[in-house]
Amino acid sequence: MRRLRSLILAGLVAVAAAAPAVASEEMEYPKNEWSHGAVTRGFSNIFGTFDRKALQRGFQVYKEVCSACHSMNLLSYRNLSALGYNEAEITAIAAGYDMTDGPNDEGEMFTRKGVPADHFKAPFPNEKAAAAANGGKAPPDLSLIVKARKGGEDYIVALMTGFEPAPAGFTVPSGGNYNKAFPGHVIAMPPPLSDGGVTYADGTKATVEQQAKDVATFLAWAAEPNLEARHEMGLKVMIFLIVLAGILYAAKRAVWADQH
Amino acid sequence: MADTTQTAGHGPGSGSHSGGDPTRRDFIYLAAAATGVVGAAVTAWPFIDSLNPAADTLALASTDVDLAPVQVGQSITVTWRGKPVFIRHRTPEEIKSAVDVNVSELRDPQTDAARAKKPEWLIVVGICTHLGCIPLGQKNSDPRGEYGGWFCPCHGSVYDTSGRIRKGPAPRNLEVPSYAFKTDTSIRIG
Amino acid sequence: MAHGPSSSFKNPVVNWLDQRLPIFTMIQKEYGVFPTPRNFNYFWNFGAIAMIMLVTMIVSGIVLAMHYTPNTNLAFNSVERIMRDVNFGWLIRYIHMNGASFFFIAVYIHIFRGLYYGSYKKPRELLWMIGVVIFLLMMATAFMGYVLPWGQMSFWGATVITNLFSALPLVGQDIVTLLWGGFSVDNPTLNRFFALHYLLPFVIAAVVFLHVAALHVTGSNNPLGVEPKGPQDTLPFHPYYTVKDSFGTVVYLAIFAAFVFYAPNFFGEPDNYIQANPMVTPPHIVPEWYFLPYYAILRSITFDISIPFTGLKLIEAKLGGVIAMFGSIAILFILPWLDTSPVRSARFRPIFKKGILAFLVAFFLLMYVGAQTADAAWHLGGLEIPLVYVGQFATLVYFGFFLSLPFVGLIEKPLPLPASIAKPVLGGGATAAGAAAKPMEKA
């Protein structure tokens, strides 16, 4: 068995040694500290919980900036209770949107105030409309964006803070913007954030970097709302399994005592 | 087939060991089995609980109804939690016949006042308490049974104008959902 | 089994049942006193572990199926509803998602163990072949399961893999249309994949039963590859191996749980969190990790095979790739007859042991190459080595390992085999307590 183990190890080492030599075309993003442990980085913080204040600020950034173009179709207003809002606040947030409902008994669509059970109101009625209003390509839905992009939260921050003048010799086609973090560096989205672009209720200074981190936290929660429940249950399950393994090991030793 | 005299729980090995203290060994086996069984039982819970109503189902658990267009003597049916809810704007005669009942003679004794927050509006879940059919009686042309309420065509249960069971196999009165009057003419069910 | 009052259990209910349906007798015989070689190492745990993973997948899968909607418009959102709204839905889905990977890890180790210790050799050829059938069924099931969430990788994976069949001469395109039930991967495809993904695990369970039944006819192989010669070489399965398997399984489950709870998307692809879009192909399509070696073999055949000097094309590159890919599994079926050496365990086979090391390296190398883009290259100093060459080399080693086995068996001088299992373990003929007398007894 020891020989087989060294065989496997040798195989793995051979592959691993070869791996760094490959030309890396994938972009790397500076890694930030996330209190929840980055969603796309495994084992990054097994006790992680979301920073509630950052979630609320991030939601504010989404609401006031991103939601002009980006939908979050998988979220409902009722989900905002996880951000620390109470029922009255959620009802008020939902009521701030007019929802199209129907058809009513006359067969017509009508408008009503949003309720907590409603999904987030999308900026465009459908994807074609979103594409038509945005130069032919619909802005992606943000519900899962953190899990749908390599780099996760760190990618969001890099992208939000990655707008800069194109380097000499790099031509940016019209309708495009240079972004050092975006694959290909030409992105249709104009720089969405600006210093002081939102005013935080809790007095936090709304720098671009701060807003980027806040909205990335919010989007991480949106993509993985059960992260805290997962971390909490994981701890219990791991402790249980390790204890059970220990007991079984003792039982195994006891059973095999007369055979060794 | 000679050596099947031992029960499955006691393998041939467990009694014949040379090393170790038997009490301690038995304790370890017991602890291992007990911990394993507890773990399996706890593991079953998430799988069972996943069959309970999901968060989005629970979030849609209330329905708002505007009562203004419903005339006296008219009934409407609205959907609440996927079930029909009967809303009847009762006539004074219907209210009277519902109130003038000797409650102690009923199969499921309940006063009309306990069932209708405002006497002119009766709001009940339109599902027969026998086996879940939808009773007739919402349209004026429907058979309503001899007590003027509802009649279940499946097995002949008869409900009165308060939705109480009067005849037939159903064991209980039509269920009154939790509801509240938001204004005089609008309610929220659930 | 058919004659005489066979069973006498203490519990009268068990006794009553057993006299009418000897299920307890069977359990007692196959898992109680079943004579098992005494010298298993922990690699022998992986059969039991794979079995537990199969059960885990079936249980979590049935619950997921209760919430899932196999319709192209609703599938993606129904999976997200499971993740967000269904009670513990995230847990069950992550168990199922990572369970597939951990099922394959267990089965890969199980197969490599069989390879290393010669478990495929007489009299266990059929046992091995049934195992390969299980492996193929698992691959089909995993492939179709991966389509169900209807993400970008689901859709394009389904498109690419079903298109493999178009390489078949004459009937290829008709077969692909038949698989799709349309002119592209669409709703009919999703529907039938769901139906088959639900069905196949039960077929796997049935074939696993045959696998275990066949195992209990021949008895297990062991690290020495020497058949047990008497009771001193075996132990009753219970409690020795029930407790050892339980311990190994729980350790494995702990590693599995660590991924489910702390790195649930480790084996996944970000692109599968984007809903399927038939109009946009992701820049880099990769199958799940457990398919990568075969995917690399497929991509390694970049050349047409023609008759030299005539320019006559025999096999186009596309078909060649498909043949090579399926051949890489199919060759496992004839492995018992390719290996001509009478010695089972690689411990006593110096050349075979080097060969299996090369095979293992090639396998991991293929896995690595399969994960890279088609045009990727290694840069060693100023030298550029396209990975496709690396893949071709590894493919050569992969097949070379199997095809050289007949000759290895002829030229190899095996090390001296131990006289029996008990001898090297105990240094003498000590008698094991309670071991049954007939290790080769028919199941």
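Residues numbered from 1 in each chain as written. Chains lettered and ligands numbered in written order. Predicted model: local features only at pLDDT ≥ 70, side-chain atom pairs only at ≥ 80, totals over all residues. Heavy atoms only, no water.

**A few points about the overall build of chain B**
The criterion, for reference: Helix and strand labels come from DSSP, where a helix needs a run of H or I of at least four residues and a strand needs a run of E of at least two; each type is numbered from the N terminus. Here's how the labels work: a residue is buried when its accessible area is under 20% of the maximum for its type, exposed when over 50%, partly exposed in between, all with a 1.4 Å probe on protein chains only. We call two residues in contact when some of their heavy atoms are within 4.5 Å.
Counting its secondary structure elements, chain B contains four helices and nine strands. The buried share of chain B, reckoned over its 190 residues, is 39%. Pairs at least 24 apart in sequence give 54% of the contacts found in chain B among residues at least 6 apart.

**Observations regarding the overall build of chain C**
Inclusion rule: Two things to know: the radius of gyration comes from C-alpha atoms, and the globule rule equals 2.2 Å times the number of residues to the power 0.38. Exposure was quantified through the Shrake-Rupley algorithm and a 1.4 Å probe, taking into account, for residues, occlusion by the shown protein chains and nothing else. Within this scheme the basic residues Lys and Arg register as positive and the acidic residues Asp and Glu register as negative, but His and the chain ends are omitted. Charge placement uses NZ in Lys and CZ in Arg. For Asp and Glu, CG and CD serve respectively.
The number of helices and strands found in chain C is 16 helices and six strands. In terms of C-alpha radius of gyration, chain C reaches 25 Å, essentially the compact-globule figure of 22 Å for 443 residues. In terms of overall dimensions, chain C has a C-alpha envelope of 70 × 60 × 45 Å along the principal axes. Considering chain C as a whole, with its 443 residues, one finds that 58% of them fall into the buried category. Considering only contacts within chain C whose residues lie at least 6 apart along the sequence, 80% involve residues at least 24 apart. Only carbon and sulfur atoms are counted for the fraction: they give 72% of the accessible area of chain C, which is about 18900 Å². Side chains of chain C give 26 positive and 20 negative charges; the mean places of these two sets differ by 13 Å.

**Re helix 2 (residues 52–64) of chain A**
All names here are of chain A. In plain terms, the rule: To estimate the expected span of a helix, subtract one from its residue number and multiply by 1.5 Å. Definition of a polar contact: a pair of N or O atoms within 3.5 Å, with one able to donate and the other able to accept a hydrogen when the atoms are protein atoms, and with sequence-neighbouring residues admitted only if both atoms are side-chain atoms.
Helix length check: helix 2 (13 residues) gives 18 Å between terminal C-alpha atoms against 18 Å at 1.5 Å per residue, within 8%. For helix 2, the set of buried residues is Ala54, Leu55, Arg57, Gly58, Phe59, Gln60, Val61 and Tyr62. Lining the buried residues of helix 2 we find helix 3 (87–95) and helix 7 (208–223). The N-cap residue of helix 2 is aspartate 51: its side-chain oxygen and the backbone nitrogen of lysine 53 are 3.1 Å apart.

**Points about the state of the cysteines**
Residue and element names in this part refer to chain B. Heads up, the rule is: Two cysteine sulfurs form a disulfide in these notes if their separation is within 2.5 Å.
Counted by the stated rule, this structure contains one disulfide over all chains. Sulfur of cysteine 152: no disulfide; nearest cysteine sulfur belongs to cysteine 128 and is 3.8 Å away. Among the residues examined, cysteine 152 registers a relative accessible area of 2% and is labelled buried.

**Some words on the interface of chain A and chain C**
As a reminder of what qualifies: The quantity reported as buried area is the accessible area (1.4 Å probe) lost by two parts once they are put together, taken as the sum for both. Whenever a carboxyl oxygen of Asp or Glu lies within 4 Å of a side-chain nitrogen of Lys or Arg, that contact is scored as a salt bridge.
Taken residue by residue, the interface counts 51 residues in chain A and 57 residues in chain C. Summing both partners gives a buried area of about 5000 Å² for chain A against chain C, and 71% of it is carried by carbon and sulfur. Salt-bridge contacts for aspartate 85 of chain C lead to arginine 78 of chain A; the nearest nitrogen and oxygen are separated by 3.1 Å. Along the contact surface separating chain A from chain C lie twelve residue pairs in polar contact (both at pLDDT 80 or more). At the level of elements, helix 1 (2–18), helix 5 (145–148), helix 7 and helix 8 (227–256) of chain A are the ones that each hand at least two residues to the side of chain A that touches chain C.

**Section: the UniProt feature "transmembrane region" (unreviewed entry) in chain B**
Put simply, the rule reads: UniProt positions are given in the numbering used here, feature names are shortened, and annotations may be inferred rather than shown by experiment.
Under the local residue numbering, the UniProt record ascribes the feature "transmembrane region" (unreviewed entry) to residues 27–48 of chain B. Helix makes up 100% of residues 27–48 of chain B and strand makes up 0%, while its end C-alpha atoms are separated by 32 Å.

**What about the sheet that holds strand 3 (residues 83–89) of chain B?**
All names here are of chain B. To be explicit about the condition: The criterion for strand pairing is that DSSP finds at least two bridges linking the strands in question. Here, axes are lines fitted to C-alpha atoms. For helices the fit covers the stretch in contact, and angles between N-to-C directions go from 0 to 180 degrees.
One open sheet holds the three strands; their spatial order is 2-3-4, and the pairing between them is antiparallel. Among the strands making up the open sheet, the edge pair consists of strand 2 (75–80) and strand 4 (121–125). Strand-to-strand twist in this sheet, taken as the mean axis angle between neighbours without regard to direction, amounts to 25 degrees. Inspection of the sheet shows strand 3 paired to strand 4 by five bridges, in the antiparallel sense. Its bridge partner being in strand 4, isoleucine 87 is matched across the sheet by isoleucine 123.

**A look at the pairing of strand 8 (residues 179–183) of chain B**
Residues and elements named next belong to chain B. Relative to strand 9 (residues 186–189), strand 8 runs antiparallel, the two sharing four bridges. Paired with tyrosine 179 across the bridge in strand 9 is isoleucine 189. In sequence, strand 8 turns back onto strand 9 through a hairpin of two residues.

**Some remarks on the UniProt feature "domain: Rieske" (unreviewed entry) in chain B**
Following the UniProt record, the feature "domain: Rieske" (unreviewed entry) maps to residues 88–188 of chain B here. End-to-end, the C-alpha atoms of residues 88–188 of chain B are 15 Å apart, and along that stretch the chain is 12% helix and 25% strand.

**Details of the domain arrangement of chain B**
Filter applied, for reference: Domain limits in this description derive from either an automatic procedure or a database domain assignment.
Taken domain by domain, chain B holds domain 1 (20–52) and domain 2 (57–189). Domain 1 of chain B and domain 2 of chain B are separated by 50 Å when their C-alpha centres are compared.

**Overview of the confidence of the model for chain C**
In low-pLDDT regions, the fine details of the predicted coordinates are not to be read closely. Residue and element names in this part refer to chain C. To keep it simple, the criterion reads: By definition, pLDDT measures how confident the predictor is in each residue, and it falls between 0 and 100.
Averaged over all residues, the pLDDT of chain C is 92; the fraction at 70 or higher stands at 94%. The model gives residues 425–443 a pLDDT under 50, and that stretch makes 39 contacts with residues more than four places away or in other chains. Scoring of the predicted complex yields 0.88 for pTM and 0.91 for ipTM.

**So, the domain arrangement of chain C**
All names here are of chain C. For chain C, the assigned domains read domain 1 (29–228 + 237–285) and domain 2 (300–413). Computed over C-alpha atoms, the centres of domain 1 and domain 2 are 24 Å apart. The interface is formed by 33 residues belonging to domain 1 together with 31 residues belonging to domain 2. With both chains or domains summed, domain 1 and domain 2 bury close to 2700 Å², and 72% of this area falls on carbon and sulfur atoms. Contact with domain 2 buries area across many residues of domain 1, yet Phe112, Tyr116 and Lys121 alone supply 23% of it, more than any other trio. Viewed at the interface, domain 2 and domain 1 are joined by two salt bridges.

**As for the UniProt feature "binding site: heme b b566" (unreviewed entry) in chain C**
All names here are of chain C. Those places that UniProt annotates as "binding site: heme b b566" (unreviewed entry) correspond, in this numbering, to His110 and His211. Separation in sequence by 102 residues is not matched in space for these annotated residues, since their most distant C-alpha atoms are only 13.0 Å apart. The class of histidine 110 is partly exposed, set by a relative accessible area of 21%. Sequence-distant contacts of histidine 110, that is, excluding residues within four places in its chain, are made with Phe46, Gly47 and His211. Relative to the helices and strands, histidine 211 resides in helix 9 (residues 187–218). What makes histidine 211 buried here is its relative accessible area of 18%.

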